[in-house]
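Here are the chains, one letter per residue:
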Amino acid sequence: MIMDVLVCFKVVPDLDQLPPGGWEIDSALRVETGFVKTMLNPYDESALELALRFAESAPFPVKLTALTVGGREAESYLKTLYALRFDRAVRLESDADLRFSPESVAAAICAFVRHNPQDLIIMGRQSGVGDNAATPLITAEMLDWPCISQVTGIKIRGEDWLELGSMVDDGFLRQLARPPLVAAVGNAPHAYLRVPTLKERLACRDKKVEVIEAAIPASEKKAAGCALAGLAVIDRRRAGVKIEGANPQEKARRLYQEYLKGWLAEL
Amino acid sequence: MNYTVVLNGCSRTVQSQAEELAAFIETNLGAAAPGRCIIFYSAPEKKDELAALFPAEYLLLVRVERYQPEFFLSALARLAQDNPTPLYLFPGGYSGSELAVRLACRLGGSSLTAVQKLEAAQEPPVCCKTVYSGYLQARLELRRKPYCLSIARGGAGQRRRAVKVREMAELDMRGAAEASFCRELEFKEAGGGGLEQASFIMAAGRGVGSKEKTEKFKQAAAELGAAFGVSRPVAMNAWAPLSALIGASGVISRPRLCIAAGVSGAAAFYAGIEKSKHIVALNIDEFAPLVQTADVAVIDDYEAVLEELLRLIRQERELKAKGE
Ligand SMILES: Cc1cc2nc3c(=O)[nH]c(=O)nc-3n(C[C@H](O)[C@H](O)[C@H](O)COP(=O)(O)OP(=O)(O)OC[C@H]3O[C@@H](n4cnc5c(N)ncnc54)[C@H](O)[C@@H]3O)c2cc1C
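Residues numbered from 1 in each chain as written. Chains lettered and ligands numbered in written order. Predicted model: local features only at pLDDT ≥ 70, side-chain atom pairs only at ≥ 80, totals over all residues. Heavy atoms only, no water.

**Remarks on the overall build of chain B**
Stated precisely, the cut-off is as follows: Numbering of helices and strands starts at the N terminus; helices are DSSP runs of H or I of at least 4 residues and strands are runs of E of at least 2. Partly exposed describes any residue whose relative accessible area lies between the buried limit of under 20% and the exposed limit of over 50%, with all areas from a 1.4 Å probe on protein chains only and scaled to the type maximum. A contact between two residues is defined here by any heavy atoms of the two lying within 4.5 Å. Accessible surface is estimated by sampling points in the Shrake-Rupley manner with a 1.4 Å probe; for residues, cover comes only from the protein chains shown. We count Lys and Arg on the positive side and Asp and Glu on the negative side, and we leave His and both chain ends out. Think of each charge as sitting on NZ of Lys, CZ of Arg, CG of Asp or CD of Glu.
Counting its secondary structure elements, chain B contains nine helices and 16 strands. By principal-axis analysis of the C-alpha atoms, chain B measures approximately 65 × 45 × 45 Å. The burial tally for chain B puts 58% of its 324 residues in the buried class. The long-range fraction of contacts in chain B, counting pairs at least 24 apart against all pairs at least 6 apart in sequence, stands at 65%. Counting only carbon and sulfur atoms, one obtains 49% of the accessible surface of chain B, whose full area is about 13300 Å². If the 39 positive side-chain charges of chain B are averaged to one point and the 37 negative ones to another, these points end up 4 Å apart.

Right under this line is the structure:
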């Protein structure tokens, strides 16, 4: 038996790098993020690493496909995934504004899955920019698959069961589940994506990323449940008083005398 | 706008879910808006208590084996078919967001998660929520009925005003558990450390440096009577348990005082402390964003500052003890 596992990920701008005054929103409500570096959406990064560990520990071959919907900014990440032993690295090309249309992203993923059948789909539960927290859930609904959300670990159990750890509102759950299913990855400790060695990179330097036009039918584009009508920077500034002093001890004393003592007394 | 509220009574968090939803409804729809409430529950001894949590004109209690979204969804979809409302409101936890999005798919409606504000009188209705990892506020028009929304966590809570319950019904869906695609092996309650309710919290960020130093920081917090929290990298490095995570993907706290050390102040973290009355930043970098979004900041090595603070507070306590 071979198991087909699809991992969906998104490359996002590292928004924490934008200085407070650096947000530019144009009249079409687009945001200029071109000058900050990109990164893997942290939840998707965990999804990719969990998939690699899953494949390594499975007693049968696992075919790993990494997929992203979007533009060329994902190209180098896809190459890295080849070096990390993903069998296929696929980019569903689209230049549409998908920020607030998880329905369209899910539709493109589902169209791919219909042509490339999978047993398990792993993806991050949410990504910055849209912050929709919806794509894995809609993907599961469109495929009519069950979904386990806030996943923190995936293991194989026997021939056809998966053991999944996940978080729920008030605790941690461990369950056995039968694929096919969508695993939406949440806060998974220690799940940082490994880095390939130079040798691993060189070994797959000629492998080409598969680029396929994203199947987002015109009607699907309109299918977004919501339309963006406004975007504004949130100003969270407070007084930001900097405590002066010659050394940390002196600063601590001032902080305590002038502020903390009173605030602690209020408690 | 007529609405249906859905509560996950299998979770210990159900009371705060109910209170946050009650406040959301009163602010956004008005206390008099006609509503229904559906409560899923698994412990029969809690039924009466749960039924009193969210008085609505029509109240439905659905007994299930455990929290399992697939059962909740098939029940909700069926109920929505027989007796639809244009608006479904879910609490802000994991289950609320999952159910909102998936129910909208099944009913052909629009969904949004973590909604802060709903302008229901507009046509189409508009929701406000934070986007771009918490840096921006978006206004989004809802295109299709029914609207399935989960509200933002950590909003103000209030007890719901008494409403006369006209009809109360019950449903038993426990049999459904047998056919499920999955089986529960183990459930462990998260010991939250009281971060949500704490009046004083101390939060450690990546700048604290190591697992050992995080542990030391936690002890300092305990000595000062503060609840202990951490930023995402600290939790991801497993320097502290996940239940201590503060922020958009963790706990939303509302203390009177928050001291954050070695935290840069990314918006996703700040979401978890912004309701603090006073914020103190201990950071070595004067350009860290938290320096501007705190009330006061000490620009220095947090360890030296914290050590001196501990000394001062101990001294003060001793003096007090002697005086008494
Ligand atoms: C979808 C999404 C959701 C997220 N959810 C959350 C969330 O819920 N919670 C969360 O925290 N993050 C969340 N994040 C991550 C967030 O964007 C930041 O990456 C994270 O908060 C940074 O954590 P940090 O401040 O501890 O680390 P850093 O940003 O690395 O900051 C470390 C700070 O420590 C300071 N420092 C270093 N040494 C010292 C010293 N000796 N003394 C004093 N200061 C020192 C540095 O100057 C720096 O400012 C999320 C991100 C995404 C994309």
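On we go.
**A short note on the overall build of chain A**
Within chain A, the secondary structure is distributed over seven helices and 13 strands. By its C-alpha atoms, chain A is 70 × 45 × 40 Å across when sized along the principal axes. When each of the 267 residues of chain A is scored for burial, the buried share is 59%. Accessible surface, chain A: about 11600 Å² in total, of which carbon and sulfur atoms supply 51%. Each charge class in chain A can be summarised by its mean position, and for the 33 positive and 36 negative side chains these summaries are 5 Å apart.

**A few points about the site of the ligand**
The test is simple: Residues are counted as near a molecule or strand when any one of their heavy atoms sits within 4 Å of it. Pairs of N or O atoms are called polar contacts if they sit within 3.5 Å, as long as, within protein, a hydrogen donor faces a hydrogen acceptor (for residues adjacent in sequence, only side-chain-to-side-chain pairs). Polarity classes work like this: nonpolar for Ala, Val, Leu, Ile, Met, Phe, Trp, Tyr, Cys and Pro, charged for Asp, Glu, Lys and Arg, and polar for all others, with Gly in that last group.
Around the ligand, the structure places 30 residues, and the nearest of them are A:Asp16, B:Arg206, B:Ser231, B:Ser249 and B:Ser264. Mapping the residues adjacent to the ligand onto the chains of the assembly identifies chains A and B. Here an oxygen atom of the ligand and a side-chain polar atom of B:Ser264 are 2.7 Å apart. Among the elements of the structure, helix H1 (42–57) of chain A together with helix H6 (232–236), helix H7 (267–270) and strand E15 (278–283) of chain B are those that each provide at least two residues to the shell around the ligand. By residue class, the composition of the shell around the ligand is 14 nonpolar, 10 polar and six charged.

**Examining helix H3 (residues 69–82) of chain B**
The cut-off we apply is this: Multiplying 1.5 Å by the residue count of a helix minus one yields the expected span of that helix.
Between its first and last C-alpha atoms H3(B) spans 20 Å; for 14 residues at 1.5 Å apiece the expected length is 20 Å, and the two agree. What H3(B) keeps buried is the set B:Pro69, B:Glu70, B:Phe71, B:Phe72, B:Leu73, B:Ala75, B:Leu76, B:Ala77, B:Leu79 and B:Ala80.

**Topic: the packing of helix H3 (residues 102–115) of chain A against helix H4 (residues 135–143) of chain A**
For any two helices packed against each other, one specifies the crossing angle of their axes together with the interaxial distance. All names here are of chain A. Counted only if it meets this: The convention used is that axes are lines fitted to C-alpha atoms, helices contributing only their stretch in contact, and that angles between N-to-C directions extend from 0 to 180 degrees. Here the angle decides the label: under 35 degrees means roughly parallel, over 145 means roughly antiparallel, 65 to 115 means roughly perpendicular, and every other value means oblique. Two helices cross in a left-handed way if the nearer one is turned anticlockwise from the farther one by less than a right angle. They cross in a right-handed way if the turn is clockwise.
Where H3 contacts H4, the axes come no closer than 8 Å and their chain directions differ by 50°. Comparing their axes, H4 and H3 come out oblique. Regarding H3 and H4, the two cross each other, and that crossing is right-handed. From H3, Pro 102, Glu 103, Val 105, Ala 106, Ala 107, Ile 109, Cys 110, Val 113 and Arg 114 reach across to H4, where they touch Thr 135, Ile 138, Thr 139, Met 142 and Leu 143. A breakdown of the residues in the contact of H3 with H4 according to their chemical character gives 10 nonpolar, two polar and two charged.

**Quick notes on the sheet that holds strand E13 (residues 227–230) of chain B**
What counts is decided by this rule: Pairing between two strands is assigned when DSSP locates at least 2 bridges connecting them.
On the basis of which strands lie adjacent, the open sheet formed by six strands has the order E13(A)-E16(B)-E15(B)-E14(B)-E12(B)-E13(B) and parallel pairing. Of all the strands in the sheet, just strand E13 (241–242) of chain A together with E13 of chain B have a single pairing partner and so form its edges. In this sheet, E13(B) lies alongside strand E12 (residues 200–204) of chain B in parallel orientation, the contact comprising four bridges. Note on E13(B): the bridge partner recorded for B:Ile201 is B:Ala227.

**Some words on the confidence of the model for chain B**
Rules: In predicted models, pLDDT denotes the confidence assigned by the predictor to each residue on a 0 to 100 scale.
Averaged over all residues, the pLDDT of chain B is 94; the fraction at 70 or higher stands at 98%. ipTM for the predicted complex: 0.97, alongside a pTM of 0.97.

**Regarding the pairing of E15(B)**
Consecutive side chains of a regular strand alternate in pointing toward one face of the sheet and then the other. Residues and elements named next belong to chain B. Burial runs high along E15: six of the six residues are buried. Burial along E15 is two-sided: the face carrying His 278, Val 280 and Leu 282 and the face carrying Ile 279, Ala 281 and Asn 283 are both buried. Relative to E15, strand E14 (residues 257–261) runs parallel, the two being bridged by five bridges. Counted as the bridge partner of Ala 260 is Ala 281 from E15. Bridge count between E15 and strand E16 (residues 296–299): four bridges; the pairing is parallel. Along E16, the bridge assignment pairs Val 280 with Val 296.

**Structural notes on the pattern of salt bridges**
Residues and elements named next belong to chain B. Where we set the bar: Here, a salt bridge means any Lys or Arg side-chain nitrogen found within 4 Å of an Asp or Glu carboxyl oxygen.
The tally for this structure, following the rule as stated, stands at 40 salt bridges over all chains. In this structure, Glu 303 engages Lys 216 in a salt bridge whose closest nitrogen and oxygen atoms are separated by 3.8 Å. Residue Glu 303 is located in helix H9 (residues 302–323), and its partner Lys 216 is located in helix H5 (residues 211–224); the two are separated by 87 residues in the primary sequence. By relative accessible area, Glu 303 is classed as partly exposed at 21%.

**Brief notes about the sheet that holds strand E3 (residues 58–63) of chain B**
All names here are of chain B. Taken in spatial order, the seven strands make up an open sheet running E5-E9-E4-E1-E2-E3-E10, and their pairing is parallel. The open sheet terminates on both sides in strands that have one partner only, identified here as strand E5 (110–115) and strand E10 (167–172). When strand polarity is set aside, the average angle formed by the axes of neighbouring strands in this sheet is 20°. Pairing between strand E1 (residues 3–8) and strand E4 (residues 87–90): three bridges, direction parallel. For Tyr 3, the partnering residue across the bridge sits in E4 and is Leu 87.

**Observations regarding the packing of helix H7 (residues 248–266) of chain A against H9(B)**
Remark: H7(A) packs on H9(B), axes separated minimally by 9 Å, with the N-to-C direction vectors making an angle of 50°. What the angle tells us is that H7(A) and H9(B) run oblique. The handedness of the crossing between H7(A) and H9(B) is right-handed. For the pair formed by H7(A) and H9(B), the contact residues are A:Pro248, A:Gln249, A:Ala252, A:Arg253, A:Leu255, A:Tyr256, A:Leu260, A:Lys261 and A:Leu264 on the first element and B:Ala304, B:Val305, B:Glu308, B:Leu309, B:Leu312, B:Ile313 and B:Glu316 on the second. A per-class count over the contact of H7(A) with H9(B) returns 11 nonpolar, one polar and four charged.

**Section: the domain arrangement of chain A**
Note the following rule: These domain limits were set by an automatic method or by a database of domain assignments.
The domain boundaries assigned to chain A delineate domain 1 (3–224) and domain 2 (240–267). Taking the mean C-alpha position of each, domain 1 of chain A and domain 2 of chain A sit 45 Å from one another.

**Things to note about the interface of chain B and chain A**
Selection criterion: Summed over both partners, the accessible area (1.4 Å probe) lost when two parts come together is defined as the buried area.
Each side of the interface is counted separately: chain B has 92 residues, and chain A has 83 residues. Buried surface at the junction of chain B and chain A, both sides included, amounts to about 7900 Å², of which 59% is carbon and sulfur. Considering only the side of chain B, the residues that lose the most area to chain A are B:Tyr94, B:Tyr132 and B:Phe181, jointly responsible for 11% of the buried surface there. Taken together, the links from chain B to chain A amount to 11 salt bridges.

**Re the packing of aromatic side chains**
In plain terms, the rule: Paired rings are identified among Phe, Tyr and Trp, the last through its six-membered ring, by centres lying within 6.5 Å, and are further divided according to the angle between planes into stacked (under 30 degrees), edge-to-face (over 60) and tilted (the rest).
Evaluated as defined, the whole model comprises seven aromatic pairs over all chains. With a centroid separation of 6.0 Å and 90° between ring planes, the pair formed by A:Trp23 and B:Tyr132 is classed as edge-to-face. Of this pair, A:Trp23 sits in the loop between strand E2 (11–13) and strand E3 (38–40) while B:Tyr132 sits in the loop between strand E7 (126–131) and strand E8 (136–142), on two different chains. Taken as a pair, A:Trp23 and B:Tyr132 share a single burial class, namely buried.

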